[in-house]
Amino acid sequence: MADITVRKIRFEFDERFDFDLEDQELGLTLSSMGLSLTMPHLEPYLIRTMKVALKEITDPVLAEDVRRFSQQEGHHFRNHADFNVKLRGHFEPDVGAELERIEAEMEADYQRFSQEKSLRWNAAYAEGFEAMTCSGALAMAEHGILEADATPGGELWPWHMAEEIEHRTVAFGVFEHLVGRYFYRVVFGARAQWHYLSYVRRFAKTMARGLGRELVSPRTPMTRAAGRNYLRTWSPRYDPAKIVIPPAVDALLARYSARAAS
Ligand SMILES: [Fe+2]
Ligand SMILES: [Fe+2]
């Protein structure tokens, strides 16, 4: 069984957003903000997928991991939804309205996927998203970015990304248990990543426009490490259980376990 702890935490966001950053840093920050805007749509979709998957899962250990995964994702998107209110409010009303319009489009996509797509398609989407997110979260941990929590949203990020690393085996386990076809995983996983990232980019571009700036794709040691981690997920031998977790991640998880308990 994966070692997954459900930590019920609600963060307070009294953000004063500082987007007066140089191009690369702004690109990275707005991409993170775009990621946040997707969460209240993406994560409930993952939870719906796992609810359907649970009916087919015959392994009780995996089933328990899935339940914990869904509870973690539930706490994630609720915090992001609170944060997103502040984020939209930072921009002029027309930009906030445009962000909401894109969110509605994304929500409609995910509702359609839940209703019309097969379980294996949705399971491949979930794994494609989780593998990509874990690649990025690990790179952030390796480069000390999680501890810094300097991104708007503060501790929302180290908490969320550490839990993404913690539950990294679950969507993969579900896909392998129910489908288990390598080419299906990489083809439809890549399709899912393209779908998801196209929304992150639209959000980031809309916010950049609202700031009177151009969106620059960030190229930093961290993004290059994320790219390398991501490429490894395409291997037929990829298994998230074998990933060596940086000690900083365990420290973060222990910190948030203590916080949730208090
Ligand atoms: Fe999450
Ligand atoms: Fe996740």
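Residues numbered from 1 in each chain as written. Chains lettered and ligands numbered in written order. Predicted model: local features only at pLDDT ≥ 70, side-chain atom pairs only at ≥ 80, totals over all residues. Heavy atoms only, no water.

So, the overall build of the protein: which residues are in play, and what are the values?
Each helix and strand counted, the protein has ten helices and zero strands in total. Of the regular secondary structure in the protein, the N- to C-terminal order runs α-α-α-α-α-α-α-α-α-α. Whereas a compact globule of 262 residues would reach a radius of gyration of roughly 18 Å, the protein reaches 18 Å, a difference of no more than 12%. On the principal axes, the C-alpha backbone points of the protein span a range of 50 × 40 × 35 Å. Expressed as a percentage of its 262 residues, the buried residues of the protein come to 51%. Long-range pairs, those at least 24 residues apart, make up 88% of the contacts in the protein with a sequence separation of at least 6. Within the structure as shown, the protein displays about 12,100 Å² of accessible surface, and the carbon and sulfur contribution to it stands at 53%. (Helix = DSSP H or I, 4+ residues; strand = E, 2+ residues; numbered from the N terminus. Rg over C-alpha atoms; globule rule 2.2 N^0.38 Å. Buried < 20%, exposed > 50% of the residue type's maximum accessible area, 1.4 Å probe, protein only. Contact = heavy atoms within 4.5 Å. Areas by Shrake-Rupley, 256 points an atom, 1.4 Å probe, with all protein chains shown as cover.)

Give me the packing of aromatic side chains: which residues, what numbers.
Under the definition given, this model contains 20 aromatic pairs. Their ring planes at 85° and their centres at 5.3 Å tell us that Tyr45 and Tyr125 sit as a pair that is edge-to-face. Here the residue Tyr45 occupies a position in helix 1 (residues 23-54), and Tyr125 occupies one in helix 4 (residues 119-142), the gap between them amounting to 80 residues. This pair shows no difference in class: Tyr45 is buried, exactly as Tyr125 is. Members of the aromatic cluster, connected to one another through ring pairs, are Phe13, Phe17, Phe19, Phe83 and Phe91. Over the aromatic face of Trp121 sits the side chain of Lys117, whose NZ or CZ is 4.6 Å from the ring centroid. (Phe/Tyr/Trp six-rings, centres within 6.5 Å; stacked < 30°, edge-to-face > 60°. Lys NZ or Arg CZ within 6 Å of the ring centre and 35° of its normal.)

Pulling in residues and values, what's your account of the coordination of the iron ion (ligand 1)?
For the iron ion (ligand 1), the full set of protein donor atoms is Glu43 (OE), Glu73 (OE), His76 (ND1), His160 (NE2) and Glu164 (OE), and the range of their distances to it is 1.9 to 2.2 Å. In the primary structure, the donors to the iron ion (ligand 1) are separated according to the pattern E-x29-E-x2-H-x83-H-x3-E. A separation of 3.8 Å is found between the iron ion (ligand 1) and the iron ion (ligand 2), which are bridged by Glu73. Of this pair, His160 and Glu164 both sit in helix 6 (residues 156-166), separated by four residues, roughly a single helical turn. His160 sits in the buried class, given a relative accessible area of 0%. (Donors = N, O, S within 2.8 Å, 3.2 Å for Na, K, Ca; no water.)

Outline helix 6, listing residues and values.
Within helix 6, eleven of the eleven residues are buried, which leaves the element mostly enclosed by the surrounding structure. Regarding helix 6, the residues found buried are Leu156, Trp157, Pro158, Trp159, His160, Met161, Ala162, Glu163, Glu164, Ile165 and Glu166. Close packing links the buried residues of helix 6 with helix 1, helix 2 (60-90), helix 4, helix 5 (145-148), helix 7 (168-178) and helix 10 (247-261).

Lay out the coordination of the iron ion (ligand 2) with the relevant residues and their values.
Coordination of the iron ion (ligand 2) by the protein involves Glu73 (OE), Glu130 (OE), Glu130 (OE), Glu164 (OE), Glu164 (OE) and His167 (NE2), with metal-donor separations of 2.0 to 2.7 Å. If you look at the iron ion (ligand 2), its six donor atoms make angles of 53 to 148° with each other, and the shape they trace is irregular. Ordering the donors of the iron ion (ligand 2) by residue number gives the pattern E-x56-E-x33-E-x2-H. (Tetrahedral: all angles 85-135°; square planar, octahedral: opposite > 155°, others 65-115°.)

Any chance you could break down the nonpolar core for me, citing the residues and the numbers?
Counting residues in hydrophobic clusters, the biggest one holds 73 residues, and the most contacted among them are Leu87, Tyr125, Tyr196 and Met207. Residue contributions to this core peak at 13 residues, all from helix 4. When neighbours within four sequence positions are excluded, Tyr196 is seen to be in contact with Leu35, Thr38, Met39, Leu42, Met106, Tyr110, Tyr125, Phe129 and Met132. (Core = buried A, V, L, I, M, F, W, Y, C linked by side-chain atoms within 4.5 Å.)

Which residues make up a positive patch on the surface, and what values go with them?
On the surface, Arg219, Arg224, Arg228 and Arg232 cluster together to form a positively charged patch. You can see Arg224 is positioned in helix 9 (residues 221-232). (Patch = residues over 30% accessible without salt bridge, like charges linked within 9 Å, V, L, I, M, F, W, Y side chains within 5 Å. Salt bridge = Lys/Arg side-chain N within 4 Å of Asp/Glu carboxyl O. Lys, Arg positive; Asp, Glu negative; His and termini not counted. Charge placed at Lys NZ, Arg CZ, Asp CG, Glu CD.)

Break down the packing of helix 3 (residues 93-116) against helix 8 (residues 182-210) for me, citing the residues and quoting the values.
Where helix 3 meets helix 8, the axes come as close as 9 Å, and the angle between the chain directions of the two elements is 170°. Classified by the angle their axes make, helix 3 and helix 8 are roughly antiparallel. Counted together, Val95, Glu98, Leu99, Arg101, Ile102, Glu103, Glu105, Met106, Asp109, Tyr110 and Phe113 of helix 3 and His195, Tyr196, Tyr199, Arg202, Phe203, Thr206, Met207 and Gly210 of helix 8 form the full contact between these two elements. The residue makeup of the contact of helix 3 with helix 8, split by class, is ten nonpolar, three polar and six charged. (Axes fitted to C-alpha atoms, helices over the stretch in contact; angles between N-to-C directions. Parallel < 35°, antiparallel > 145°, perpendicular 65-115°, else oblique. Nonpolar A, V, L, I, M, F, W, Y, C, P; charged D, E, K, R; others polar.)

Break down a negative patch on the surface for me, with residues and values.
On the surface, Asp18, Asp20, Glu22 and Glu25 cluster together into a negatively charged patch. Examined against the element boundaries, Asp18 turns out to sit in the segment before helix 1. We classify Asp18 as partly exposed; its relative accessible area is 47%.

Give me the environment of Glu100: which residues, what numbers.
Note on placement: Glu100 falls in helix 3. A relative accessible area of 46% places Glu100 in the partly exposed class. Spatially, the C-alpha atom of Glu100 lies 9.1 Å from that of Leu37, the residues being 63 residues apart in sequence.

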